[in-house]
Amino acid sequence: MKRRIINLWLLLLVLCPVLKAQNWDYIRTSGEYYYGSGTGKTEAEADKAALNDLVQMIAVHVSSDFQSQTDETQANGNIDHKTYVRNCVSTYSSSALTNVEKWTEGEEPEVTVRRYMLRSELDKIYEKRIEKIRDMVAIADGALEKAKVDMALQYYYWAYSLARSLQHPTEAKDEAGHSLVTLLPVKIRGILEDISVAFDKREGDCVDLIFKYKGRPVSGLDFLYSDGREECDGAAKDGRGMLEMAPGYETEFYHLDIEYEYKNLARGDDELQAVLNVVAKAAFPESSVSVKGRAAQGGTSVAASRPTARPATASVASTDAPAEASAAGPSPSQTVDDDALYCEAMEKVLAAIKSRNYVKASSCFTLEGLDVYNKLISYGTGRVVGQPDMVYYRSSNGQVVARGLQMSFSFMNGKRKKTFVEDVVFTFNPDKKISNVAFGLGKVAESDILNRYAPGWKDETRELIMEFLENYKTAYCLKRLDYIRDIFADDAVIIVGNIVKRNLAAVPEERAISLEGQDIIKYNRYDKETYLANLARTFKLNEFINLRFTNNDVQWLEKYEDAEIYGIQIGQEYTSSRYADKGYLFLLVDMTDHNAPQIKVRTWQPNEVSMSKIFSAGDFYND
């Protein structure tokens, strides 16, 4: 019996190559399949060759029926239609070609890979792209409803580019049956035509501009400009933007190109990236803006009201616990029992991050959350560290916070790579959408806040402080100058040097702040605008910035009975591509309006300062 079984196995081994050869012959001759074959020293090399061969066959087959919406691919002055079609087909990455079979033969260093798929499956692949286009249009529509013109331009243009890459571009339609390849450029032009840019003032080499959409300040907008020497990136927030010109460069007109392609944010989505590389950038003349400068306006400024300062992100609750508890987990009242939907959303986000297909998780976010998420995934090269152990907390304001994800972020600092590991915190709104993403503070800083006991302190107090510090840290790491501008009071005291003499006349009596009683050695004071201008230069000069908070102490200024003002002392480690130091950060923060915290005082002291001279709340107000 054993001999018969052995003989049967031997027969199967002999026949297997014959059967495979017969099947491959059928695949090649039946007319039912697209196929490709490749050889290489490794399986990966052979597979790449096989996929290229497969793409070539598909391109040849669909070429005659492929409706090109562009003439950007040229050869000797003539449109190279075949090359364009092949490039468009090649944008369907291996992840998109999920119904492609793989057949491997041989061993390294002589490996053959055969790839094939039913021709009837091609329409399904096109349909997936059309679905992706519609999803992006929905995101853009929602952004435009909230006047987030930067996000609307980004997703409308991405959808437009994807539509142009289809075999039959006009088949991508909206719910009303309108062809998106025709409708989307109209939408983009309409947004650009409704954007106005006006000169406000120039101080030194800095030019202030006013940005409006349909007569109202834009919430956010990106643009390119020349500083007189090179091309620069610029951004506007709440109607305000700034150009920093080359020293001494004067001009009558400032020229800007409003960003709408956002090619850098497509990183990680191989399909979208490939499309943006293959389909030439569509020209929208409306994106080019010329602004009359000081000389053209006779030295006057354009009158404009300053946008109301508002925080740029949603709340982030903390892993709050009673004072006697550790920061290891939530209290029973904070435990989330029905966490299935949160788990599902986080699984999508984790999958998107791990696969680097970041756009795949866009539907899990609110518009504000998506904005921060896009900045986070552009923060170096991010990777998930270990196996996330997610824990979900219910905060006092009804939101749910997810903690337990750690990520590393790598940067090429010259010839040496620099890597940071960060806790990443996600906040869900009541609709179970992620409304904010922030870097955690670290266990030491968290424990100091969560285990802090003080008379009159509530769970909400600790949550507010945790939320503020997490958003503060994240804003510096992600270079969110807009958010930092919002959280600093206009009359803030910012100390990094010599003795500061506070002008009390500019501050209401009940909030008077002084510097009496402190022997300060060579500290400098900056007003808000000077500090932000210096910070903008720091952001521009550094590839990366990272903050790490250590131990901290928080004091509630009880003397202001009708206000919630806190003094926060915290150890800070600052690292950037050009500079690193350690020291002590002190923040005096008015949290009376929970949705709009305001920093009244910020001081930085290097690590060498005597502990007895570290600033505290007592140094900045009179009893």
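Thresholds, definitions, all that
Residues numbered from 1 in each chain as written. Predicted model: local features only at pLDDT ≥ 70, side-chain atom pairs only at ≥ 80, totals over all residues. Heavy atoms only, no water. Helix = DSSP H or I, 4+ residues; strand = E, 2+ residues; numbered from the N terminus. Buried < 20%, exposed > 50% of the residue type's maximum accessible area, 1.4 Å probe, protein only. Contact = heavy atoms within 4.5 Å. Areas by Shrake-Rupley, 256 points an atom, 1.4 Å probe, with all protein chains shown as cover. Salt bridge = Lys/Arg side-chain N within 4 Å of Asp/Glu carboxyl O. Expected span 1.5 Å × (residues − 1). Pairing = 2+ DSSP bridges. Axes fitted to C-alpha atoms, helices over the stretch in contact; angles between N-to-C directions. Parallel < 35°, antiparallel > 145°, perpendicular 65-115°, else oblique. Left-handed = near helix turned anticlockwise from the far one by under 90°. Nonpolar A, V, L, I, M, F, W, Y, C, P; charged D, E, K, R; others polar. pLDDT = per-residue confidence, 0-100. Arc of directions from axis to C-beta. Core = buried A, V, L, I, M, F, W, Y, C linked by side-chain atoms within 4.5 Å. Phe/Tyr/Trp six-rings, centres within 6.5 Å; stacked < 30°, edge-to-face > 60°. Lys NZ or Arg CZ within 6 Å of the ring centre and 35° of its normal.

## Remarks on the overall build of the protein chain
Scanning the protein chain from N- to C-terminus turns up 13 helices and 24 strands. Burial status across the protein chain gives 50% buried among its 623 residues. Long-range contacts, defined here as pairs at least 24 residues apart, represent 65% of the contacts in the protein chain between residues at least 6 apart. As displayed, the protein chain offers around 30,100 Å² of accessible surface, 49% of which is attributable to carbon and sulfur atoms.

## Overview of the pattern of salt bridges
Scanning all chains against the criterion turns up 17 salt bridges. One salt bridge connects E105 with R114, and the closest N-O pair in it is separated by 3.9 Å. Linking K187 and D141 is a salt bridge whose minimum nitrogen-to-oxygen distance equals 4.0 Å. With K187 in helix 6 (residues 180-193) and D141 in helix 4 (residues 122-145), the pair connects residues that are 46 residues apart, well separated along the chain.

## What to know about helix 13 (residues 528-541)
Here helix 13 is 14 residues long and its end C-alpha atoms lie 20 Å apart, about the 20 Å a rise of 1.5 Å per residue gives. Taken together, the buried positions of helix 13 are K528, Y531, L532, A533, L535, A536 and F539.

## What to know about the sheet that holds strand 5 (residues 110-118)
Two pairing modes exist for strands in a sheet, parallel and antiparallel, and in both the strands are linked by backbone hydrogen bonds. The strand order across the open sheet formed by 3 strands is 1-5-4, and the pairing between neighbours is antiparallel. Each having just a single partner strand, strand 1 (33-40) and strand 4 (101-107) make up the two edges of the open sheet. Taking the axes of each pair of neighbouring strands and ignoring which way they run, one obtains an average angle of 15° across the sheet. Pairing of strand 4 with strand 5 involves 7 bridges; the strand directions are antiparallel. When the sheet's bridge partners are listed, K102 is paired in strand 5 with R115.

## Details of the packing of helix 4 against helix 5 (residues 149-164)
Following both chains from N to C, one finds helix 4 and helix 5 inclined at 160°, their axes separated by 8 Å at the closest point. The orientation of helix 4 relative to helix 5 falls into the category roughly antiparallel. The handedness of the crossing between helix 4 and helix 5 comes out as left-handed. Every residue of helix 5 that contacts helix 4 at R129, K132, I133, M136, V137, I139, A140, D141, A143 and L144 is listed here: M151, A152, Y155, Y156, W158, A159, L162 and A163. When its residues are assigned to classes, the contact of helix 4 with helix 5 shows 15 nonpolar, no polar and 3 charged.

## Structural notes on the confidence of the model for the protein chain
Mean pLDDT over the protein chain stands at 77; residues scoring 70 or higher make up 74%. Confidence over residues 11-21 falls short of pLDDT 50; this stretch has 3 contacts with residues more than four positions distant or in other chains. Counting interchain partners and residues more than four positions distant, the pLDDT-below-50 stretch residues 71-79 has 14 contacts.

## Some thoughts on the pairing of strand 11 (residues 240-244)
The side chains of a regular strand alternate between the sheet's two faces. The pairing of strand 7 (residues 206-213) with strand 11 spans 5 bridges and is classified as antiparallel. Among the inter-strand pairings, I210 is bridged to a residue of strand 11, identified as R240. In sequence, strand 10 (residues 231-237) turns back onto strand 11 through a hairpin of 2 residues, with D238 there showing a positive phi of about 50°.

## Topic: helix 7 (residues 270-278)
Burial in helix 7 covers these residues: E271, L272, V275 and L276. Along helix 7, the residues classed as buried sweep out an arc of 130° about the axis, all on the same side. Residues of helix 7 that are buried make contact with helix 4 and helix 5.

## What to know about the environment of I188
By the element assignment, I188 lies in helix 6. Relative accessible area serves as the criterion here: at 0%, I188 is assigned to the buried category. Apart from the residues within four sequence positions on either side, I188 is in contact with L153, Y156, Y157 and F284.

## Some words on the nonpolar core
Ranked by internal contacts, the top residues of the largest apolar core, which has 104 residues, are W158, Y373 and F426. Broken down by element, this core gets its largest block of residues, 12 residues, from helix 5. Leaving out residues up to four positions away in the same chain, Y373 has contacts with V349, A352, I353, Y358, A361, F365 and V437. I465, I484, A489 and I494 belong to the second largest nonpolar core, which has 36 residues in total.

## Brief notes about the packing of aromatic side chains
A full pass over the atoms with the stated rule returns 23 aromatic pairs. Both rings, one in F211 and one in F223, keep their centres 5.2 Å apart while their planes meet at 20°; by these two values the pair is stacked. Of this pair, F211 sits in strand 7 while F223 sits in strand 9 (residues 220-226), and the two are 12 residues apart along the sequence. When sorted by exposure, F211 lands in the same class as F223, which is buried. Lying across the ring of W103, R114 places its NZ or CZ 5.6 Å from the centre. Of note, R164 hangs over the ring of Y160, and the distance from its end group to the ring centre comes to 5.2 Å.

## Re the side chain of T603
Residue position: T603 is located in strand 24 (residues 598-606). Note on T603: relative accessible area 0%, which makes it buried. Sequence-distant contacts of T603, that is, excluding residues within four places in its chain, are made with I495, Y584, L585, F586, F615 and F620.

## Some words on unusual backbone geometry
Cis geometry marks the peptide bond from E108 to P109, where omega comes out at 15°. Positionally, P109 belongs in the loop between strand 4 and strand 5. One non-glycine residue, K214, lies in positive phi territory at about 55°. Among the structural elements, K214 can be located in the loop between strand 7 and strand 8 (216-217). Unlike most non-glycine residues, Y262 shows phi in positive territory, near 50°. Along the chain, the position of Y262 falls in the loop between strand 12 (253-258) and helix 7. According to the relative accessible area criterion, Y262 is buried, its value standing at 4%.

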